[in-house]
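# Geometric and topological summary
Letter by letter, the chains look like this.
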Amino acid sequence: MFRLLLVEDEADFAAALADGLCQDGFSVATVKDGLLAFDLLQHRSFDVILLDLMLPGLSGLDLCARLRARGVETPVLVLTARTAERDQLHALEIGADDFLTKPFSYRILLARTRVLVRRSMAREQSVLAAGDLVLDRKRRSCHRGGVAIELTPREFTLLALLMSHAGSVVPKREALTEVWDFALDDDSKVLEVYVGYLRRKIDLPFARHALETVRGVGYRLDPHGG
Ligand code: CA
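Figured I'd write up the structure that's included with this text.

Calculation rules
Position numbers for residues start from 1 in each chain and track the written sequence from start to end. For a predicted model such as this one, the threshold for reporting local features is a pLDDT of at least 70, and the threshold for listing and counting side-chain atom pairs is 80 or more; totals across whole chains, interfaces and linings nevertheless cover every residue. Values shown for side chains rest on all heavy atoms present in the structure; no hydrogens or waters enter the calculation. The helix and strand labels rest on DSSP assignments: H or I over at least four residues marks a helix, E over at least two residues marks a strand, and numbering proceeds from the N terminus. Each radius of gyration is computed over the set of C-alpha atoms, and the globule rule expresses the reference value as 2.2 Å times the number of residues to the power 0.38. Residue contacts follow a heavy-atom distance rule, with two residues in contact if any of their heavy atoms lie within 4.5 Å. Accessibility throughout is a Shrake-Rupley quantity obtained with a 1.4 Å probe, and a residue counts as covered only by protein chains that appear here. Neither His nor the chain termini are counted; the positive set is Lys and Arg, and the negative set is Asp and Glu. By convention, the point assigned to a charge is CZ for Arg, NZ for Lys, CD for Glu and CG for Asp. The donor definition counts N, O and S atoms within 2.8 Å of each metal and applies 3.2 Å to Na, K and Ca; water is not among these atoms, so some sites may look incomplete. Accessible area is worked out with a 1.4 Å probe on protein chains only. A residue is then buried under 20% of its type maximum, exposed over 50%, and partly exposed in between. The directions considered for the arc run from the helix axis to the C-beta atoms. By this definition, two strands are paired if DSSP reports at least two bridges between them. Think of each axis as a best-fit line through the C-alpha atoms, taken over the contacting stretch in the case of a helix, with angles from 0 to 180 degrees between the N-to-C directions. Polar contact is the term for a pair of N or O atoms within 3.5 Å; when the atoms are in protein, one must be able to donate a hydrogen and the other to accept it, and sequence-neighboring residues count only if both atoms are side-chain atoms.

## Some details on the overall build of the protein chain
Secondary structure assignment for the protein chain yields eight helices and 12 strands. Relative to the 2.2 N^0.38 estimate, which gives 17 Å for 226 residues, the radius of gyration of the protein chain is 23 Å and therefore markedly larger than a compact globule would have. Restricting to contacts in the protein chain with at least 6 residues of sequence separation, those with at least 24 account for 55%. Here the protein chain displays about 12,000 Å² of accessible surface, and carbon together with sulfur accounts for 53% of that area. Side-chain charges of the protein chain comprise 30 positive and 32 negative groups, with the mean position of each set lying 4 Å from the other.

See the structure below:
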């Protein structure tokens, strides 16, 4: 269930909106004050924030700017009665992801909210982690305990496959098919060779044993990083 934070000071409107969103499968928390919302976001995380601009305590724009300054990347959909184009542009400039001008259709709000949640889920999954071993598929980078590791494209693809199945055995056949785009025999030694390359980069220099051989089956990456 996706966690949604609704920051809106018009009580009736907020209640109606929260009702609908609950029925559509969101777990909804409602806050009426910008400062309280900011405090709440210090110790609770949400999948998406619906944010009114005119709020007591702290304006929606200031709240959004503060969150982004702290590195909080939760998607923000701004709900605004203001029709001025410059306010909408300003909202986007300080890091809001989308906005809707009141009055809006609930169906549109729901659709836009779902798009934001899906997008941020995809972004999250672009980073894979196993203990202190981190692979960022979007940035094409790899780190172990903050130390950058250079990988060739083939090594990168193989490690991404193993990390996305961390804890489970990736059968040899699956690795050969996923990582090499040309047909390789099951008895091909190329996979073993690349597993060796990876071990020399992600394990050996760090005195770890994350990449395990499961004899006769395939390979398994320790989800805790070895
Ligand atoms: Ca308001």
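After that view of the structure, there is still more to cover.
## Side note on the coordination of the calcium ion
A metal bound by six donors in octahedral fashion has ideal angles of 90 or 180 degrees, whereas one bound by four tetrahedral donors has an ideal angle of 109.5 degrees. Taken together, Asp 9 (OD), Asp 52 (OD) and Met 54 (O) make up the protein donors of the calcium ion, found 2.1 to 2.3 Å from the metal. Sequence positions of the donors to the calcium ion reduce to the motif D-x42-D-x1-M. What makes Met 54 exposed here is its relative accessible area of 52%.

## What about helix H4 (residues 85–93)?
Within H4 the residues assigned to the buried category are Asp 87, Gln 88 and Ala 91. Around the axis of H4, the buried residues are gathered within 100° of arc, so they sit on the same side. Away from its buried face, by an angle of more than 90 degrees, H4 presents the exposed residues Glu 85, Arg 86 and Glu 93. The elements touched by buried residues of H4 are helix H3 (60–69), strand E4 (76–80) and strand E5 (98–101). Of the residues flanking the end of H4, it is Gly 95, one or two places downstream, whose phi is positive at about 110°.

## Looking at the sheet that holds strand E6 (residues 127–130)
What the four strands build is an open sheet, ordered E6-E7-E8-E9; its pairing is antiparallel. The open sheet has two edge strands with one neighbour each: E6 and strand E9 (147–148). The pairing of strand E8 (residues 141–144) with E9 spans two bridges and is antiparallel. For His 143, the partnering residue across the bridge sits in E9 and is Ala 148. Each of E6, strand E7 (133–136) and E8 is contacted by helix H6 (residues 153–164), which is oriented at about 115° to E7, the strand it contacts most.

## Remarks on the sheet that holds strand E3 (residues 48–52)
Strand order in the open sheet formed by five strands is E2-E1-E3-E4-E5, with parallel pairing between adjacent strands. Both edges of this open sheet fall to strand E2 (26–31) and E5, since each of them pairs with a single strand only. Each neighbouring strand pair of the sheet contributes to a mean axis angle of 20°, computed without reference to strand direction. As judged from the four bridges shared by E3 and E4, these two strands associate in the parallel manner. Looking across to E4, one finds that Leu 51 is bridged to Val 78. Sheet strands touched by H3: strand E1 (2–7), E3 and E4. Its angle to E3, the strand with the most contacts, is close to 150°.

## Concerning the side chain of Ser 126
Among the secondary structure elements, Ser 126 is positioned in the loop between helix H5 (106–125) and E6. The exposure class assigned to Ser 126 is buried, which follows from its relative accessible area of 13%. If we skip the residues at most four places from it in the chain, Ser 126 touches Leu 135, Asp 136, Arg 137 and Lys 138.

## Observations regarding the environment of Thr 157
Mapped onto the secondary structure, Thr 157 falls in helix H6. Spatially, the C-alpha atoms of Thr 157 and Arg 140 are 9.8 Å apart, while their sequence positions differ by 17 residues. Look past the residues within four positions of Thr 157 in its chain and what remains in contact with it is Glu 178 and Val 179. A distance of 2.9 Å separates a polar side-chain atom of Thr 157 from the backbone oxygen of Pro 153.

## Describing unusual backbone geometry
Residue Lys 102 is joined to Pro 103 through a cis peptide bond whose omega torsion reads -5°. Checked against the element boundaries, Pro 103 lands in the loop between E5 and H5. At Ala 207, a residue that is not glycine, the phi angle is positive and equals roughly 55°. On the secondary structure map, Ala 207 appears in the loop between helix H8 (190–203) and strand E11 (211–214). Residue classification places Ala 207 among the exposed residues on the basis of a relative accessible area of 66%.

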